[in-house]
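# Results of the structural survey
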Amino acid sequence: MDRQQEFVLRTLEERDIRFIRLWFTDVLGFLKSVAVAPAELEQAFAEGIGFDGSSIEGFARIHEADMLAKPDPSTFQVLPWRSEAPGTARIFCDILMPDSTPSFADPRYVLKRTLARAADLGFTFYTHPELEFYLLKEQVAEGGKPEPVDSGGYFDHTPHRAAHDFRRSAIMMLESMGISVEYSHHEGGPGQQEIDLRYADALTTADNIMTFRLVMKEVALEHGVFASFMPKPFTEQPGSGMHTHMSLFEGDRNAFYEPGAEYQLSKVGRAFIAGVLRHAAELTAVTNQWVNSYKRLWGGVGASAGAGGEAPPYICWGHNNRSALVRVPMYKPQKGHATRIEFRSLDTACNPYLAFAVILGAGLKGIEEGYELPPGAEDDVWALTTAERRAMGIQPLPQSLDEAIVEMERSDLVAEVLGEHVFDFFLRNKRAEWEDYRRQVTEYERDRYLKVL
Ligand code: GLN
Ligand code: MG
Ligand code: MG
Ligand code: MG
């Protein structure tokens, strides 16, 4: 047994923890949990705990259903909302096949595999997500109208007691679980919140995002409200994105930083952006995986950035340009290590392991193949006409899940990063989601057509 495993077992005893939740994530990004007694944990560390993979979305076909969940002791954490004794803790797991090889269906493994590729090139991938979500008065029954907890707006402070108290408890809860928060504020929509996590390596960040979504739901329940990560719950209000700041480090040197270069951005940084842009359309089904995700991305078309809520539907990059898909934030000259890019299409309802994997895969491809970065866009891309955008060579992101699936289907890059199993499952699942959506006759249509036609 290694030191980390011993530490976990000792902590269980010292803190009277009787329930250990083994966590993992299905292909669509839903958290799965199985509780084991402390006595089982030693064996779980050694061999993993068996479960039926065929009941987990995207994991296995029936005839190869047996799988093992093997806890990663570095992710051990006592759950603070279960503070009464005996306590409860959680550990993220890696999923293994019966012969102890990693399961190709495990999103955490998909990310680990891509991180290992980065490591082969000498890079560590750091990410820092800005998580947006809505706080609603209560969970909505089917057909019901969601009601935000307040009518606040961007950075609003005083009158929104509920949101303020919520953020305070939520952040304290996250911090007590070792997840550092950098900023938090009321976002643009009524009841909409943003909490930004401190940067960490991408695997830790992805684990943290899984924890974050659960913690927000738990804290909301405690406050008698409901938290939703749906990308675009309201037609007339901005959607909830997950802008993510990214950088590659070589040891403790930021590989995106080059003093004196334009925007302090190194050749590696430029090639990374070029890779992300060139493959942006192909990876959008993964970063924006729901029918509803595209209502966020395209919610402002014909109107302005305001109505679209600053979600970026066009493939371009810019320096400090909030309409661009990739933004290079204003640099602080004394902070070279902070040079980074902000990728803005992601939404909070993605599977963070898969999303980080495909973005990193695209960036590495740009570096390996030496892609040239096209000129940046300094205009407000939303305000340009289609002809102007075309003249500048700016392409749109997919406009629906259907278009995104078509782009993904022909992507060698996404197939390689996700691996055949996840790639096929994901496409099949998303195709089915689209078909189901397409056949729906909606309220909108009845309101618009029933009387006049
Ligand atoms: N809510 C916007 C989005 O969906 C972002 C708003 C902002 O952070 N500037 O991406
Ligand atoms: Mg922000
Ligand atoms: Mg924001
Ligand atoms: Mg941002």
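Residues numbered from 1 in each chain as written. Chains lettered and ligands numbered in written order. Predicted model: local features only at pLDDT ≥ 70, side-chain atom pairs only at ≥ 80, totals over all residues. Heavy atoms only, no water.

## Description of the pairing of strand β12 (residues 244–250)
Put simply, the test is: For the exposure calls, accessible area comes from a 1.4 Å probe over protein chains only, and a residue counts as buried if that area is under 20% of its type's maximum, exposed if over 50%, partly exposed in between. Helix and strand definitions follow DSSP, with helices as H or I runs of at least four residues and strands as E runs of at least two, each counted in order from the N terminus. Paired strands, as defined in this entry, are two strands with at least two bridges between them according to DSSP.
In terms of burial, β12 is largely enclosed, as six of its seven residues are buried. Strand direction decides the pairing type here: strand β7 (residues 124–136) and β12, joined by six bridges, are antiparallel. Bridge assignment links Thr127 to a residue of β12, and that residue is Met246. Here β12 pairs with strand β17 (residues 341–343) via three bridges, running antiparallel.

## Brief notes about the coordination of the magnesium ion (ligand 4)
The cut-off we apply is this: Water is not part of the atom set, so a site may look incomplete; the donors themselves are N, O and S atoms within 2.8 Å of the metal, or 3.2 Å for Na, K and Ca.
Every protein donor of the magnesium ion (ligand 4) is accounted for by Glu130 (OE), Glu130 (OE), His243 (ND1) and Glu342 (OE), and the metal-donor separations fall at 2.1 to 2.5 Å. Each donor residue of the magnesium ion (ligand 4) belongs to the same chain, and together they define the spacing E-x112-H-x98-E. The magnesium ion (ligand 2) is placed at 3.7 Å from the magnesium ion (ligand 4), the two being bridged by Glu130. You can see Glu130 sitting in strand β7 and its partner His243 sitting in the loop between β11 (226–228) and β12, a full 113 residues away along the chain. Of the two residues examined, Glu130 and His243, each falls in the buried class.

## Some points on a nonpolar patch on the surface
Applied cut-off: Here the term patch refers to residues with relative accessible area over 30% and no salt bridge, with like charges joined within 9 Å and nonpolar side chains (Val, Leu, Ile, Met, Phe, Trp, Tyr) within 5 Å. Calculation of accessible area relied on Shrake-Rupley with a 1.4 Å probe; when residues are assessed, cover is drawn exclusively from the protein chains displayed. Salt bridge, as used here: a side-chain nitrogen of Lys or Arg that lies within 4 Å of a carboxyl oxygen of Asp or Glu.
Residues Tyr444, Tyr449, Val452 and Leu453 make up a contiguous nonpolar surface patch of about 500 Å² in total accessible area. Assessed through its relative accessible area of 63%, Val452 is described here as exposed.

## Notes on the pattern of salt bridges
All told, the structure shown has 20 salt bridges when counted by the stated rule. Two residues, Arg439 and Asp436, come together in a salt bridge whose shortest N-O distance is 3.3 Å. Classification of Arg439 by relative accessible area gives exposed; the value is 61%. Judged by its relative accessible area of 38%, Asp436 is partly exposed. The residue Glu443 makes a salt bridge to Arg446 at a minimum N-O spacing of 3.4 Å.

## Here's the deal with unusual backbone geometry
Even without being glycine, Asp16 reaches a positive phi, approximately 50°. Within the secondary structure, Asp16 is located in the loop between α1 (3–14) and β1 (17–25). A positive phi angle, close to 75°, is found at Ser100, a residue other than glycine. Within the secondary structure, Ser100 is located in the loop between β6 (87–96) and α3 (107–120). Residue Ser100 is classed as partly exposed on the basis of its relative accessible area of 48%.

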